[in-house]
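Below are the chains, spelled out letter by letter.
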Amino acid sequence: MKYHLDLFTPETWQTFNEAGANITGFRARQQRLAEERVKSGDIFLCYLTRLSRWCGALEVELGPYFDDSPILDNPDPYHVRFKVQPIALLEPELAVPIRDPHVWQNLTITNQYDMGHPYWTGFFRSSLNTIEDSDGNFLLQLLNEQRQNPAKYPFTDRDRRQLARKKRVRTLDREVEVEVPVHEEDETSHELEAVETDPAQDSRESIRYQAKVAQIGAQMGFLIWVPKSDKGRVLDLVPESMREKFLDVLPLNYDDNTLRTVEQIDVLWLKGRSMARAFEIEHTTAIYSGLLRMADLLALQPNMDIRLHIVAPPDKRERVLREIRRPVFSLLDRGPLYEQCSFLPYDSIDALEQTQHLAHMSDTIIAEYEETAEV
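The structure reproduced in this document is the subject of the present report.

Reading guide: rules and limits
- Residues numbered from 1 in each chain as written.
- Predicted model: local features only at pLDDT ≥ 70, side-chain atom pairs only at ≥ 80, totals over all residues.
- Heavy atoms only, no water.
- Helix = DSSP H or I, 4+ residues; strand = E, 2+ residues; numbered from the N terminus.
- Buried < 20%, exposed > 50% of the residue type's maximum accessible area, 1.4 Å probe, protein only.
- Contact = heavy atoms within 4.5 Å.
- Areas by Shrake-Rupley, 256 points an atom, 1.4 Å probe, with all protein chains shown as cover.
- Phe/Tyr/Trp six-rings, centres within 6.5 Å; stacked < 30°, edge-to-face > 60°.
- Lys NZ or Arg CZ within 6 Å of the ring centre and 35° of its normal.
- Axes fitted to C-alpha atoms, helices over the stretch in contact; angles between N-to-C directions.
- Parallel < 35°, antiparallel > 145°, perpendicular 65-115°, else oblique.
- Left-handed = near helix turned anticlockwise from the far one by under 90°.
- Nonpolar A, V, L, I, M, F, W, Y, C, P; charged D, E, K, R; others polar.
- Pairing = 2+ DSSP bridges.
- Disulfide = S-S within 2.5 Å.
- Polar contact = N/O pair within 3.5 Å; in protein donor to acceptor, adjacent residues only side chain to side chain.

## Overview of the overall build of the protein chain
Counting its secondary structure elements, the protein chain contains twelve helices and 14 strands. Each of the 375 residues in the protein chain was classed as buried or not, and the buried ones make up 53%. Contacts in the protein chain between residues far apart in sequence, at least 24 positions, make up 71% of those at least 6 positions apart. Total accessible area computed for the protein chain in this model is approximately 17000 Å², and 48% of it derives from carbon and sulfur atoms.

## Thoughts on the packing of aromatic side chains
Enumeration according to the criterion identifies 15 aromatic pairs in this entry. With a centroid separation of 5.0 Å and 75° between ring planes, the pair formed by tryptophan 104 and tryptophan 120 is classed as edge-to-face. Pair noted here: tryptophan 104 is in helix 3 (residues 101-106) and tryptophan 120 is in the loop between helix 3 and strand 7 (130-131), with a separation of 16 residues, a long-range link. Residue tryptophan 120 is classed as buried on the basis of its relative accessible area of 3%. When the ring of phenylalanine 222 is compared with that of tryptophan 269, the centres are 5.2 Å apart and the planes differ by 25°; the resulting orientation is stacked. With phenylalanine 222 in the loop between helix 6 (199-219) and strand 10 (223-225) and tryptophan 269 in strand 11 (residues 267-271), this residue pair connects regions lying 47 residues apart in the sequence. For phenylalanine 222, a relative accessible area of 4% translates into the label buried. Within the aromatic cluster, the residues linked to one another by ring pairs are Tyr47, Trp54, Trp104, Trp120, Phe123 and Phe124. The ring centre of phenylalanine 222 lies 4.8 Å from the NZ or CZ of lysine 271, which sits over that ring.

## Re the environment of isoleucine 23
Along the chain, isoleucine 23 turns up in strand 2 (residues 23-26). Ignoring sequence-local partners within four residues, the contact set of isoleucine 23 consists of Phe16, Tyr65, Ile71, Arg81, Phe82 and Val84.

## Description of the packing of helix 8 (residues 256-263) against helix 9 (residues 288-300)
Their axes nearest at 10 Å, the elements helix 8 and helix 9 cross at an angle of 155°. With respect to helix 9, the element helix 8 is oriented roughly antiparallel. Handedness of the helix 8/helix 9 crossing: left-handed. Facing Asn257, Thr258, Thr261 and Val262 of helix 8, the residues of helix 9 in contact are Arg293, Asp296, Leu297 and Leu300. Each residue belonging to the contact of helix 8 with helix 9 can be placed in one class, and the counts come to three nonpolar, three polar and two charged.

## Details of the pairing of strand 14 (residues 341-345)
For strand 14, the buried fraction is high: five of the five residues fall into the buried class. Neither face of strand 14 is open: one carries Cys341, Phe343 and Pro345, the other Ser342 and Leu344, and all of them are buried. Sheet analysis places strand 13 (residues 307-312) next to strand 14, joined by five bridges and oriented parallel. Counterpart to valine 311 in the pairing with strand 14 is leucine 344.

## A closer look at unusual backbone geometry
Proline 64 follows glycine 63 through a cis peptide bond whose omega is 10°. The phi angle at alanine 21 is positive, at roughly 55°, despite the residue not being glycine. Mapped onto the elements of the fold, alanine 21 is located in the loop between helix 1 (10-18) and strand 2. The phi angle at histidine 357 is positive, at roughly 65°, despite the residue not being glycine. Checked against the element boundaries, histidine 357 lands in the segment after helix 12 (346-354).

## Some thoughts on the state of the cysteines
Here is the idea: a disulfide is a covalent bond, and it sits between the sulfur atoms of two cysteines. Throughout the structure, instances matching the rule amount to zero disulfides. Of the cysteine sulfurs around cysteine 46, a residue in no disulfide, the closest is that of cysteine 55, at 5.2 Å. Taking the relative accessible area as the measure of exposure, cysteine 46 reaches 0% and is therefore buried. Here cysteine 55 falls in the buried class, since its relative accessible area comes to 0%.

## Here's the deal with the environment of glutamate 371
Structurally, the position occupied by glutamate 371 is in the segment after helix 12. The buried category is assigned to glutamate 371, whose relative accessible area is 5%. The spatial distance from the C-alpha of glutamate 371 to the C-alpha of serine 348 is 9.9 Å, given a sequence separation of 23 residues. Discounting residues that sit within four places of it in the chain, glutamate 371 has contacts with Gly122, Arg125, Arg317, Leu321, Ser342, Phe343 and Pro345. At 2.6 Å, the side chain of glutamate 371 forms a polar contact with the side chain of arginine 317.

The structure is reproduced here in structure tokens:
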């Protein structure tokens, strides 16, 4: 038996319970993870995003299987599904806060960090992360005890701000979540403070990760594009055997506006004449330029099938994910940016770079490292 993370928003947790609490689902891009990691008898430990609370435990009975009939929303994006048997289901005010000292200090996921440190949140940005047995056993016992002898955890002022931060907006064909970022005292407020940095050092670090992303793609067999202004510095950091994968001209049949936008994206992975993935490297706190290029690309080519990624230091995690949910990016004609654009922290790029046998792997391995803004 293994334990796995299952993320819910307060809204999807309510809908899940109203629908019978017997089917939980994940996005199609997580299908490989679901098939490889989850077996019958495993336990999903349910976590409420924004409130940062443990809210339930579910035993896997069947799956994964594919079903696109709507359960949570219409349309419902969670097509990779499992039939589950609830073990413990807690209402949000009975769900156990992860910042409760007894919980924080007993979980290996968190006890290495201060509560105000931004790095701990990375684990909670992607469903299907596997939870260590010791943590899983502790949480399952904790949730069962709370189910049998419930103690209330009233919402704090911070909880109420978090609940108010996201709003659902009706477009012509769907409802989308939007968020207007606010400067508030929470676990990421320190990153909003002005910090003196060395522009030359920032530039070198940005180029270093641009080269890492490009090299990973080249090892996987993709053709690589980097802007002409960066190409020389990137190639200096790439093994000579990989340099033949770097393009001098984009083999794309788009209009001039689209091509000018595409040419400025930090790294592109291409298969033949098609773009597979696009990466923007955002080393400094100014993250708008990359997000705007991603949004421009989707606005110019709304039918484009491409995965988008923002690569940045781990301490920029919350800010990047918050900005992706801004209304300007959530109300695109083709759908919200958060459905196609994810966050990849530097440490995930480092881990990918060290992965053995990259040449024999599919780029879907990125799903194991990316963090999404859609939960």
